[in-house]
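Each chain, letter by letter, is given below.
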Amino acid sequence: LTDMPSYATNMRLKFPILALTLEAVTIVLYALLVVYDTGDAHGHDGSHAESNTTHSSSPMTLYPMFQDVHVMIFIGFGFLMTFLKRYGFSSVGINLLLAAFGLQWGLLLQNIWHMHDGKIRVSIEKMINADFSTATVLISFGAVLGKTSPVQLLIMTLLEITIFCINEHLVVEVLNVSDVGASMTIHAFGAYFGLAVAGVLYRPGLRNGHENEVSVYHSDLFAMIGTVYLWMFWPSFNSAIAEPGDPQLRAVINTYFSLAACALAAYATSSLVEKKGKLDMVHIQNATLAGGVAVGTCADMDIQPFGAMAIGITAGVISTVGFKFLTPILASKLGIQDTCGVHNLHGMPGILGGLAGILAAALGKKAGYMATNGFNISVLVYPSVSPGYQACGLASSLGFALVGGLITGLIMKIPFWGQPPDQNCFDDSIFWEVPEEEEENEERLTHGDYSKTKTEA
Amino acid sequence: LTDMPSYATNMRLKFPILALTLEAVTIVLYALLVVYDTGDAHGHDGSHAESNTTHSSSPMTLYPMFQDVHVMIFIGFGFLMTFLKRYGFSSVGINLLLAAFGLQWGLLLQNIWHMHDGKIRVSIEKMINADFSTATVLISFGAVLGKTSPVQLLIMTLLEITIFCINEHLVVEVLNVSDVGASMTIHAFGAYFGLAVAGVLYRPGLRNGHENEVSVYHSDLFAMIGTVYLWMFWPSFNSAIAEPGDPQLRAVINTYFSLAACALAAYATSSLVEKKGKLDMVHIQNATLAGGVAVGTCADMDIQPFGAMAIGITAGVISTVGFKFLTPILASKLGIQDTCGVHNLHGMPGILGGLAGILAAALGKKAGYMATNGFNISVLVYPSVSPGYQACGLASSLGFALVGGLITGLIMKIPFWGQPPDQNCFDDSIFWEVPEEEEENEERLTHGDYSKTKTEA
Amino acid sequence: LTDMPSYATNMRLKFPILALTLEAVTIVLYALLVVYDTGDAHGHDGSHAESNTTHSSSPMTLYPMFQDVHVMIFIGFGFLMTFLKRYGFSSVGINLLLAAFGLQWGLLLQNIWHMHDGKIRVSIEKMINADFSTATVLISFGAVLGKTSPVQLLIMTLLEITIFCINEHLVVEVLNVSDVGASMTIHAFGAYFGLAVAGVLYRPGLRNGHENEVSVYHSDLFAMIGTVYLWMFWPSFNSAIAEPGDPQLRAVINTYFSLAACALAAYATSSLVEKKGKLDMVHIQNATLAGGVAVGTCADMDIQPFGAMAIGITAGVISTVGFKFLTPILASKLGIQDTCGVHNLHGMPGILGGLAGILAAALGKKAGYMATNGFNISVLVYPSVSPGYQACGLASSLGFALVGGLITGLIMKIPFWGQPPDQNCFDDSIFWEVPEEEEENEERLTHGDYSKTKTEA
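Now for a look at the structure at hand. Just so you know, these numbers come straight off a predicted model, no measurement behind them.

## Some words on the packing of aromatic side chains
Part 1 of the argument: Following the criterion strictly, the structure yields 51 aromatic pairs over all chains and no others.
Part 2 of the argument: Between the NZ or CZ atom of K14 of chain A and the centre of the ring of F416 of chain A, over which it lies, the distance is 5.0 Å.
Part 3 of the argument: The lysine or arginine in question, R86 of chain B, covers the ring of Y217 of chain A, its NZ or CZ lying 4.2 Å from the ring centre.

In structure tokens:
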């Protein structure tokens, strides 16, 4: 390692100052605005009755689902990105950093729109939504994985979550769009935001790939920990904020079957597109999850299990084919270097989910459900979901993502933020103290040029 | 790698065609038969009241337990089998494939016996049972691990789950046998089914072992992820479908203590049977779990914590001794090559569980419990459990397993399914794209002396 | 490996005899004292109504939180200690052994103080507390990691849990101290107990470190599995035994935000104290968790989210600085070799938690809550928490820890228990069968005949 890059990318002051400043600002805002959603915290404004409808009887009802989502965010996304042979510390570690800040920031911005007497009341449901908001950043992180500094990524977190909250408010609250599993507002948004950033940060020097942009046997196994947890807990992701009762049960069942069918489609397609019919870990680690993304928007709708399975199969095929054929083209033709292939896992399946939602809305699949109103009386609610508004929700999410990603990318491009030089990409050792002996056989590891690269370049 | 075997075992058409055909058939059947178990799905046939007794008030009551079982199936079984140094991709990956198809198939066959007006109503409880049905296949997978192709294993999944559902229906519904933790219907069944298949697929060429049928340091650690998750969540496995209230609480407590006692017995026995008193990872990874298997049948019975602990200790000793002395004999004398030693973890402990259930039934340990009848009135139910019928349940499970396994093994033996040649056994690279370099640079990993110390000394 | 040490430390008789004896004694005591906390187990002594107040309506209400705590104990603590390159088997494996015995022993000793008609009634809440009692041992295990034999550690488990239960009873029951997240009674106690033992077992031969007291790249990744699980589930640890309703919700929210803020502080400080501003895995693996420890005592109090965040930041900074500057001094000046740096993760943050509790008590932050009394009538309970008693609770925990640790250390120092010689420290191979080829080099791996095969053939 020459000293030059390690000086240019020295984080010793930049990073601590930025991180502590962000945290300090956050605490001040929390001191002013954030309280518990406890009984004693409520005035006589009926807000408690309202929150009752969301977390039914006990304030802890949603807690097990919150923990499932929590595991998806910190273990699922974190380990899914550890497939690179020398980038595991950053994948799990920076994932934790960004999500830890992101959930604090997201909880603030998601709720300033509707405060009760000037306060944000924290409940388990709001914590779930805060975790959701970090998912957008972790998806975008996948697109730029290995090519950015912690400082750049903290800036991206700050900006992306801010933009996400604006779009989410517009789509869900103003346009009243139905997107219970957030195929549009989280997955499509996060993917295209990240792809826009990756486009701005295009590196011609990595045109022919990078010796470290490969996996090793055990790094692929670590990544499977992330894959399997995301696969298992996705029903919680898609149903956590659904209406209690039948809609929530439908969201669980639809996601369970969509993922099961998607897995078979991904395995079959992976074997079909490889020369000797072998399975490719890149496809298994990612495409098996596309069914969870694609069924998100209409997860709580009355599409029946076989409908969910049809969506899952479609997503599994599209995603696998995308990894095999589309990702290399995006890199070579459009100059978009998508490290984890988020376009295949979150981008296209997210759009598919949006389209499925439009169709389901047109077919009137959003069923009525019983809810408890402010006077604790059960009433049958008929949600009005229109195909047109659903389409607007998709368009809005894509628009905010692309424009927001371009602007964010330009800001991240400022040299001062310590972006690593090409030769130090996909290598933990530029921002982490790494055990020496692996360092030593680093150069031996460069004999590993035959290993497949994540993007199949 | 010579081309010969990789051609003989080329999966490019066989595998995708089989996988997609199975999924297509499944979807058609789901479109015809499967709906949500939602309030609006019910006619006036009282089926809702009936399902109430199983998932009490809310349809989501069992969801946390479902997720625990889900983790056992996909992380527990998947990683437990990653102990082999070059077979981790298949262990976790094929485990996911088989379980993803198996749960769809199992849910169908478990419920065609009792449909309401021609429909199967999916509830969380039915999803738990569907996960259970896949466990039988994953246990059998352990017996033939490293010696079969994905095509063979999909065929085994189809046949084994079908046979399992017949035996389960006969034992639980017809004979009214008590087997809440499924020691007999899942563990003993899955083990002896797999051993029968392994016997049919006997490979003389592996008589003296195989260079890849060994673990490496980190593969043993990956396997411990599976072990610990199975150990922790086994109380959910044994209690998930127990009657709500006291029986379910007993099932949790008995399994918790049986596993704790079993762990000490397994560690003690492992040290006792090794030359220098050292612990053997094979025993720790597997025998510590035998207590969960063995307490399964009488988990919800009134055997008291000390009774559960006695069962656990017995299972831990039997299982460890089995790994040390019995497995080599099975391979050399009976020609049954049991890769994971499922006979020691699921076979003998499953039979022990069945015998314990017979004894507990004879001693009248199946206590009464409160249940809500069709008119939503609480009534005290006295289950009639007879030692004779319990014995029939064990015999039936073993009989279906051995006969079903022999037939399935003969079908799997057809050369067309692409069974790997001896020299390619226990090696992911025949069915997976595997990163090249790790094999090469393994030796350089030895100059590891300058690594930073944890205490920064 | 010379034969000499492996003979001196041969566990073949010592270990099995001790383990089986402890288990046998435990079973006898369980047969005499332990029953289920089921409705039918209750006489007319109102004990059921009493237990109702703890596990509200259903006996399974706390089960999901129990499983979160269970994961922290067995996966969290177990994998957190796998950072050492050659000590992963012991970290996960001995962690499982000690916790499996500890929970049986802890459940007995925690409840002999208040039995109903001579019986201990096991409920989910008592199982959570039993898991908690093992945490003290696992914390102390971290201080002596790599330098003790399984026999020594079983003895430590027996003694430490006994002493812990006495102190816990005194502090929580007699002095009525508030310590819902156990910053004092578990974390500070476990840390200083372990440090006292480490002081007694001081090894001058390890003054200059040990070649195996280092991590490798993948061992650091395994450790992150433990870190992330502890980080995610800590809200369950701090709220599991809180009063249902608002106090429990506050405990979850405070811990969630304390950990989030702590993570940013730990990352920032880690970069700040390293030469080139690089992040250090030791800090990330440990200091990010200090916020969960420090907020424990006042987790259920009305300190508001920003208060919890302030505690978290303080803990993150103190802990990271401790790893960087204090741990080396403790080793060189005080002769306390703290392998995992438990002083920085549990010791100082535990004291910080105790002090925060004193302050919160002085400010009257322990709010009232609704509880159901013996006659099932809801009453508003005003807990009386005094700063003075809180201080006594901290002093008592530290006193019992240091004195108990010194005595236990002296008992553990008896040569007969097979403490490993210096050169065999931090090496699994002295007490475990370890696959050969990773230890030695690749040639063995290419014909891995020396490695033991799974089937012991």
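## Observations concerning the interface of chain B and chain C
Part 1 of the argument: Facing the 86 residues of chain B at the interface are 101 residues of chain C.
Part 2 of the argument: Carbon and sulfur atoms supply 67% of the area buried between chain B and chain C, which totals about 8,300 Å² over both sides.
Part 3 of the argument: Linking chain B with chain C are one salt bridge.
Part 4 of the argument: For the pair chain B and chain C, the interface holds 20 residue pairs in polar contact (both at pLDDT 80 or more).
Part 5 of the argument: Of all the secondary structure elements, the ones that give two or more residues to the side of chain B that touches chain C are α4 (63-80), α9 (217-239), α10 (246-273), β3 (279-280), α11 (281-287), α13 (304-333) and α16 (437-441) of chain B.
Part 6 of the argument: When residues of the side of chain B that touches chain C are assigned to their parent elements, the largest contribution, 19 residues, is made by α10 of chain B.
Part 7 of the argument: Here the residues of the side of chain B that touches chain C sort into 43 nonpolar, 20 polar and 23 charged.

## Describing the nonpolar core
Part 1 of the argument: Grouped together as the largest cluster of nonpolar side chains are 407 residues, with contacts concentrated most on Y229 of chain A, Y229 of chain B together with Y229 of chain C.
Part 2 of the argument: Among residues more than four places away in sequence, those in contact with Y229 of chain B are Y229 of chain A, V71, M72 and I75 of chain B together with V71, I75 and Y229 of chain C.

## Let's talk about the packing of α9 of chain B against α10 of chain B
All names here are of chain B.
Part 1 of the argument: Relative orientation of the contacting elements α9 and α10 amounts to 145°, with a least axis distance of 8 Å. The chirality of how α9 crosses α10 is right-handed. Residue-level inspection shows W231, W234, P235, N238 and S239 of α9 in contact with α10, the latter providing Q248, A251, V252, T255, Y256, L259, A260 and A263.
Part 2 of the argument: Counted by class, the contact of α9 with α10 contains nine nonpolar, four polar and no charged residues.

## As for the environment of T320 of chain B
Residue and element names in this part refer to chain B.
Part 1 of the argument: Looking at the element boundaries, T320 is found in helix α13.
Part 2 of the argument: Each residue touching T320, except ones within four places of it in the same chain, is listed here: A266, T269, S270, H283 and A287.
Part 3 of the argument: Engagement of the side chain of T320 in a polar contact is seen with the backbone oxygen of G316, the distance being 2.7 Å.

Cut-offs and rules
- Residues numbered from 1 in each chain as written.
- Chains lettered and ligands numbered in written order.
- Predicted model: local features only at pLDDT ≥ 70, side-chain atom pairs only at ≥ 80, totals over all residues.
- Heavy atoms only, no water.
- Phe/Tyr/Trp six-rings, centres within 6.5 Å; stacked < 30°, edge-to-face > 60°.
- Lys NZ or Arg CZ within 6 Å of the ring centre and 35° of its normal.
- Contact = heavy atoms within 4.5 Å.
- Buried area = accessible area lost by both parts, 1.4 Å probe.
- Salt bridge = Lys/Arg side-chain N within 4 Å of Asp/Glu carboxyl O.
- Polar contact = N/O pair within 3.5 Å; in protein donor to acceptor, adjacent residues only side chain to side chain.
- Helix = DSSP H or I, 4+ residues; strand = E, 2+ residues; numbered from the N terminus.
- Nonpolar A, V, L, I, M, F, W, Y, C, P; charged D, E, K, R; others polar.
- Core = buried A, V, L, I, M, F, W, Y, C linked by side-chain atoms within 4.5 Å.
- Buried < 20%, exposed > 50% of the residue type's maximum accessible area, 1.4 Å probe, protein only.
- Axes fitted to C-alpha atoms, helices over the stretch in contact; angles between N-to-C directions.
- Left-handed = near helix turned anticlockwise from the far one by under 90°.

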